Amino acid sequence: MSARDAILKRLRERADGPLAVPECDFAVVTNRGWSQAERLERFERWITSVHGEVIHTPRADWTRRLAEVLAAKGVQRLALGREHPVAAEARKALADAEVELVDADRDIEGWQSEQFERVDAGLTSTRGAIAETGSLWLWPTPDEPRLISLVPPLHIAVLDAETVEDTFFDVVEAHGWAGGMPTNALLVSGPSKTADIEQTLAYGVHGPRELVVLVRHAGERP
Amino acid sequence: MTPVKCYPPKPERVYFFGTCLVDLFYPEAGLDGIRLLEREGIEVLFPQDQTCCGQPPYTSGYHDEARAVAAAQLDLFPEPWPIIVPSGSCGGMMRTHYPQLFAGTPQEAQAREVAGRVFELTEFLVHVCHLRLEDRGEPETVVMHTSCSARREMGLAETGPALLGKLGQVELVEQARASECCGFGGTFAVRHPEVSAAMVEDKTQAIEATGATRFVTSDCGCMMNIAGRFEHQKKPVKGEHIASYLWRRTS
Amino acid sequence: MSAPTHPVQTYSPREFHRQAHDALGNPQIRANFRKAMDGLMAKRRDIFSDWDLETLRELGANIRLRALAKLPDLLERLEANCAANGIRVHWAESGEEACRLIREICEAHDAKSVIKGKSMVSEEMHLNAHLEAAGIEALESDLGEYLVQLNEQTPSHIIMPAIHLNTDEISGILHDKTGTERTRDVDYMTAAARAQLRERFMAADVGISGVNFAVAETGTLCLVENEGNGRMTTTVPPVHIAVTGIEKVVEHLRDVPPLYALLTRSATGQHVTTYFNMISSPRKTGEHDGPREVHLVLVDSGRSNIYQDDELLDTLRCIRCGACMNHCPVYTRVGGHTYGTTYPGPIGSILSPHLMGLEETKDLPTASSLCGACGEVCPVKIPIPDLLVRLRKESVGEGRGNVPGAGVKRAKSEVAAWKAFQWLATHPGVWRGSMAMAGKLKALMPSRLGPWTECRSAPKPAKTTLHALVKRHHATKHDGEER
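Just so it is clear, the structure is predicted and the values come from calculations on it, not from any experiment. (Residues numbered from 1 in each chain as written. Chains lettered and ligands numbered in written order. Predicted model: local features only at pLDDT ≥ 70, side-chain atom pairs only at ≥ 80, totals over all residues.)

**Re the overall build of chain C**
- When helices and strands are counted, chain C shows 23 helices and ten strands.
- Each of the three principal axes of chain C carries a C-alpha extent, and together these read 95 × 55 × 45 Å.
- For chain C, restricting intrachain contacts to residue pairs at least 6 apart in sequence, the fraction spanning at least 24 positions comes to 73%. (Helix = DSSP H or I, 4+ residues; strand = E, 2+ residues; numbered from the N terminus. Contact = placed C-beta atoms within 7 Å.)

**Some points on the overall build of chain A**
- For chain A, the count of helices and strands is six helices and twelve strands.
- Taken along its principal axes, the extent of the C-alpha atoms in chain A is 70 × 45 × 40 Å.
- Relative to its 222 residues, chain A shows a buried fraction of 49%.
- Restricting the contact set of chain A to residue pairs at least 6 apart, pairs at least 24 apart contribute 75%. (Buried ≥ 20, exposed ≤ 12 C-beta atoms within 10 Å, placed from the backbone.)

**Quick word on the interface of chain C and chain B**
- Taken together, the contacts link 48 residues of chain C with 55 residues of chain B.
- Those elements that place two or more of their residues in the side of chain C that touches chain B are α1 (16-24), α15 (329-334), α19 (384-395), α20 (412-425), α21 (428-440), α22 (452-455) and α23 (466-476) of chain C.
- Grouping the amino acids of the side of chain C that touches chain B by side-chain chemistry returns 26 nonpolar, 13 polar and nine charged. (Nonpolar A, V, L, I, M, F, W, Y, C, P; charged D, E, K, R; others polar.)

**Brief notes about the sheet that holds strand β1 (residues 52-58) of chain A**
All names here are of chain A.
- Pairing in this open sheet of six strands is parallel, and the strands run β1-β12-β7-β4-β2-β3 from one edge to the other. Of all the strands in the sheet, just β1 and β3 (100-103) have a single pairing partner and so form its edges. In this sheet, neighbouring strand axes are inclined to one another by 25° on average, regardless of whether the strands run parallel or antiparallel.
- Pairing of strand β7 (residues 154-160) with strand β12 (residues 210-217), which is carried by seven bridges, proceeds in the parallel orientation. Opposite Val158, over in β12, you have Leu214 as the bridge partner.
- Helix α2 (residues 36-49) rests against β1 and β12 of the sheet, and its axis sits at about 145° to β1. (Pairing = 2+ DSSP bridges. Axes fitted to C-alpha atoms, helices over the stretch in contact; angles between N-to-C directions.)

**Considerations on the sheet that holds strand β5 (residues 140-145) of chain B**
Residue and element names in this part refer to chain B.
- In spatial order, the strands read β6-β5-β7-β8; together these four strands make up an open sheet with parallel pairing. Edge positions in the open sheet fall to β6 (170-173) and β8 (238-241), since each of these has one partner strand only. Strand-to-strand twist of the sheet, defined as the mean angle between neighbouring strand axes without regard to direction, takes the value 35°.
- Along the sheet face, helix α13 (residues 242-250) touches β7 (214-217) and β8 and points at about 85° away from the line of β8.

**Topic: unusual backbone geometry**
- Positive phi, normally seen in glycine, also occurs at His130(B), with a value near 45°.
- Structurally, the position occupied by His130(B) is in the loop between α7 (121-127) and β5.
- Take His130(B): there are 10 C-beta atoms within 10 Å of it, and that puts it in the exposed class.
- Its identity as a non-glycine residue notwithstanding, Asp110(C) has a phi of 55°, on the positive side.
- Structurally, the position occupied by Asp110(C) is in the loop between α5 (95-108) and β2 (113-116).
- Residue classification places Asp110(C) among the exposed residues on the basis of 7 C-beta atoms within 10 Å.

**Quick word on the interface of chain A and chain C**
- Between chain A and chain C, the contact holds 67 residues from the first and 80 residues from the second.
- Those elements giving two or more residues to the side of chain A that touches chain C turn out to be α1 (3-12), α5 (112-118), α6 (168-174), β9 (184-188) and β10 (193-194) of chain A.
- The element that contributes the greatest number of residues to the side of chain A that touches chain C is α1(A), accounting for eight residues.
- Here the side of chain A that touches chain C is built from residues that sort into 35 nonpolar, 17 polar and 15 charged.
- Bridging between β9(A) and strand β9 (residues 275-279) of chain C involves five bridges; their strand directions are antiparallel.

**Quick word on the domain arrangement of chain C**
- One can read the domain layout of chain C as domain 1 (13-305) and domain 2 (429-479).
- With centres defined by C-alpha atoms, the gap from domain 1 of chain C to domain 2 of chain C works out at 55 Å. (Domains from an automatic or database assignment.)

**Comments concerning α2(A)**
Residues and elements named next belong to chain A.
- Taking 1.5 Å of rise per residue, the 14 residues of α2 would be expected to cover 20 Å, and the 20 Å separating its terminal C-alpha atoms lies within 8% of that figure.
- Buried within α2 we find Arg39, Leu40, Arg42, Phe43, Glu44, Trp46 and Ile47.
- Of the surrounding secondary structure, the elements contacted by the buried residues of α2 are β1, β5 (128-130), β8 (164-165) and β12.
- Backbone geometry just downstream of α2 places His51 in the positive-phi region, at approximately 85°. (Expected span 1.5 Å × (residues − 1).)

**Considering the pairing of strand β10 (residues 293-299) of chain C**
All names here are of chain C.
- The element β10 is largely enclosed, with a buried count of six among its seven residues.
- Note that strand β1 (residues 87-92) and β10 share six bridges and pair parallel. Looking at the pairing, Val89 lines up with Leu296 of β10.
- Relative to β10, strand β7 (residues 239-245) runs parallel, the two being bridged by seven bridges. Within β10, the position partnered with Val243 by the bridge is Val297.

**Some details on the arrangement of the chains**
- The chain pair with the greatest number of contacts, out of two pairs of chains in contact, is formed by chains A and C.
- Over all C-alpha pairs, chain A and chain B never come within contact, reaching a minimum spacing of 15 Å.

**Some points on the environment of Lys73(A)**
Residue and element names in this part refer to chain A.
- Tracing the chain through its elements places Lys73 in the loop between α3 (62-72) and β2 (77-80).
- Overall, Lys73 belongs to the partly exposed group, with 16 C-beta atoms counted inside 10 Å.
- When the C-alpha positions of Lys73 and Glu210 are compared, they lie 9.8 Å apart, and in sequence the two are 137 residues distant.
- With near-sequence residues (within four places) excluded, Lys73 lies in contact with Ala121 and Leu154.

**Here's the deal with the confidence of the model for chain C**
All names here are of chain C.
- Looking at chain C, pLDDT values average 95 and 95% of them are 70 or higher.
- The low-confidence segment residues 1-7 (pLDDT under 50) makes twelve contacts with residues lying over four places distant or belonging to another chain.
- Predicted complex, confidence summary: ipTM 0.98, pTM 0.96. (pLDDT = per-residue confidence, 0-100.)

**Some details on the nonpolar core**
- Residues Ile84(B), Ile102(C), Cys222(C) and Val297(C) are the most contacted members of the largest nonpolar core, which totals 288 residues.
- Residues within four places of Val297(C) in sequence aside, it is in contact with His90(C), Ala92(C), Ala98(C), Leu101(C), Ile102(C), Ile241(C) and Val243(C). (Core = buried A, V, L, I, M, F, W, Y, C linked by C-beta atoms within 7 Å.)

**Some words on α23(C)**
- Along α23(C), the residues classified as buried are Leu466(C), His467(C), Leu469(C) and Val470(C). Mapping the buried residues of α23(C) onto a view down its axis gives an arc of 160°, with all of them on the same face. Among the exposed residues of α23(C), those oriented more than 90 degrees off its buried face are Arg472(C), Ala475(C) and Thr476(C).
- Residues of α23(C) that are buried make contact with α1 (20-24) and α2 (27-39) of chain B together with α21 of chain C. (Arc of directions from axis to C-beta.)

**Focus: the pairing of β2(A)**
All names here are of chain A.
- Pairing analysis gives four bridges linking β2 to β3, with the strands arranged parallel. The partner of Leu78 across the bridge, within β3, is Leu101.
- Following the chain from β2 across helix α4 (residues 85-94) to the adjacent parallel β3, one finds a crossover that is right-handed.
- As defined by bridge partners, β2 adjoins strand β4 (residues 121-125) across two bridges and the pair is classed as parallel. Paired with Ala79 across the two strands is Gly122, which belongs to β4. (Right-handed = clockwise from strand over helix to strand, strands pointing away.)

**What to know about the packing of helix α11 (residues 193-209) of chain B against helix α12 (residues 220-232) of chain B**
Residues and elements named next belong to chain B.
- Relative orientation of the contacting elements α11 and α12 amounts to 75°, with a least axis distance of 9 Å. One way to sum up the angle between α11 and α12 is to call them roughly perpendicular. When α11 is examined against α12, the residues Val200, Glu201, Lys203 and Thr204 are found in contact with a partner set consisting of Asn225, Ile226, Arg229 and Phe230.
- Residue composition of the contact of α11 with α12, grouped by class: three nonpolar, two polar and three charged. (Parallel < 35°, antiparallel > 145°, perpendicular 65-115°, else oblique.)

See below:
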């Protein structure tokens, strides 16, 4: 008998008989009832508490703020996608800037050492965020692959204010995640960190040292 | 941890289960517990055939022996009166573990019925007697050590401090890591003496650091352990069972 | 830099007493653990302060119980959905079989270098040693695991592997093994490790990780981490092998948020970790990164045996948060290595006997004062103290015999002692006489009682027992106040 069949057989022929299936009440992880302002406030409070930086910007003005961030952080080479509106708008706005734009929509095998060693920042869109924990959610795509939010020392994520939801559970349910998961779904809450050296927090142990979230607001706000 | 218990009105009579440590080492604590109950107008019955709740063999894994010892106690409480135990450890054994120990045996129903009537002494004084105390003692600072069984198994972290809080002349101070085990653990202290010693050492240091020269506890196992450590070091800190402390200061 | 090939520092659960003695006598170990555990307990308390923790724990326990109730069906569903997503699923009856499966996958890719994310199951099966013996280098990438590996040790905590080491010790290890400067600058040391490990991520042929939750409904592997090494391990090398115990499966994707909330808060007092990484397939056509192959190795190794017994089953609810060890007064004193097992502390003491047998681990279930702190904080409400007692019962041969090595501690002398106690406690007249006699003969009582009196004075039997006091009290009750 294969290991598979032997294991399943033992589990099915359980000595103490079948087990009762308990009911699960998920009320405790949903129904927060926060307003949009409260969600944003919570999101910002939590993500900044773990070293994330939040910059609010009117939607129309966001690429100007992006350019400011890139200048302030001394970014010379920025990896980004091409097709997503975030990438497309950034490319357009930065066309004449000092920053060199690095195409992320290439097979990693062709540019791994370049990505690891010579990219200063990765720019990605986000699908939304979670107020309760200060988390961004990303579903990497061929246009914005998995590693550009991980390998460069700075990750710049663009978030639309109205896409912040209350809880992780709410996101999973509202967006029907169970109906079709991508290759990789990610929650990102701050830059990479460790406390493995005597509980002292240090950032950027493997992934980005810094995470900047550009929160885009409809209209003139903020 | 323990489900909220619905407390009965103050009864006319109760049983008192003294526990073997009290019987052998701290009988005055047991008697003082009885006096506190009697002062509340309650008649206290002490079945003379009581011995031990069975916890020592139970926690050692000798459940056949524990069941035999426990079974010898079950018949001692025939009337539907509360059973008062001046120990969270033995009280926890009887309330929580008797039903498990007798599950599937002919005495299961009886064990459940008895378990449902078990109250730890401070619990009973607070929640059933709504005890009022008039402090006649000198001003004093004390530390309370609540046993792990009282705190976690019986959910009684508050009753000891609540009683001490009724003593007008007594200042209750809290030691660092108050909820941490003192290292007694019954046979644990014998099987792992060095670890147990390290734990009681830390506990005595924490109590001593408060500046109090007296600690009060509702469990004689902890008292034997902590006071034994203080005595061994010839430190002036004394331990006292909460029943004796309350009786002494209010009688 | 060179990775060690053989761990020189070994610990065994058989040597619990000696190892405890050594740890208790080591001020550095004592201080490191005390400080770390105090901090972790405080952080957990704070982070749950605005939660309905009991309701959340109830949900966590029910989700895990539901998964266990449906375990064989869920494993098949997980397998089918993983397969549909392109993840290859393998089954292993034992740790050795899992090691062999993983080695064969590595060999099929002619792998020489493996980079690892944190996986306690891989520690449990001694995967690194197995791979090294086959000429495949296995390098840990979690910073704590990396430090412990450099120091030729095993993890001393399931969440924080290097918690037994302080800053100076870590600085010394990095200096000695990798040539960095001696410093107390944690950012410098972290940056040095980052640089060292980045080279290895790029060069690795295979990445091996654990799994925190495997979702049957979608065929998704969830990994919880702060550092990003888990994402690196599962994204950079061309092959990813995830290895996990069969109990880690959950039914629905919606089961994951509450368990994740409980896990991070219980483990480190964080409301969330930096990364929650959910992997559902290898790189698809048109995608530009990620492994081209993903394998899932499901390991039994004694778990299906635990599964047979209604009471022992609760052991399998565990989500490996480590809160029980953070709150354990014994673990805090003796540290993780003393237990001599992959899983130390209370969860280790109820799990290791199933994995290693009670012959090896007989001192672990007794290494607890049954203070209940572990059960109180367990996010999925495992009745750890009750399970410790159950294993004591199995050890002395009064259980159901469902644990390997049951009865190993049954000694004639101890049985005789408890039988004598039983006889005494069921003969009330003799009991009363003996107790009274003990008081009268107290001058003859030894003042030294073995280990008890090494550090404590012996308790002194009272002159009069409570039985006698109560008789006298009732006789004189009508004479007014007695004192």
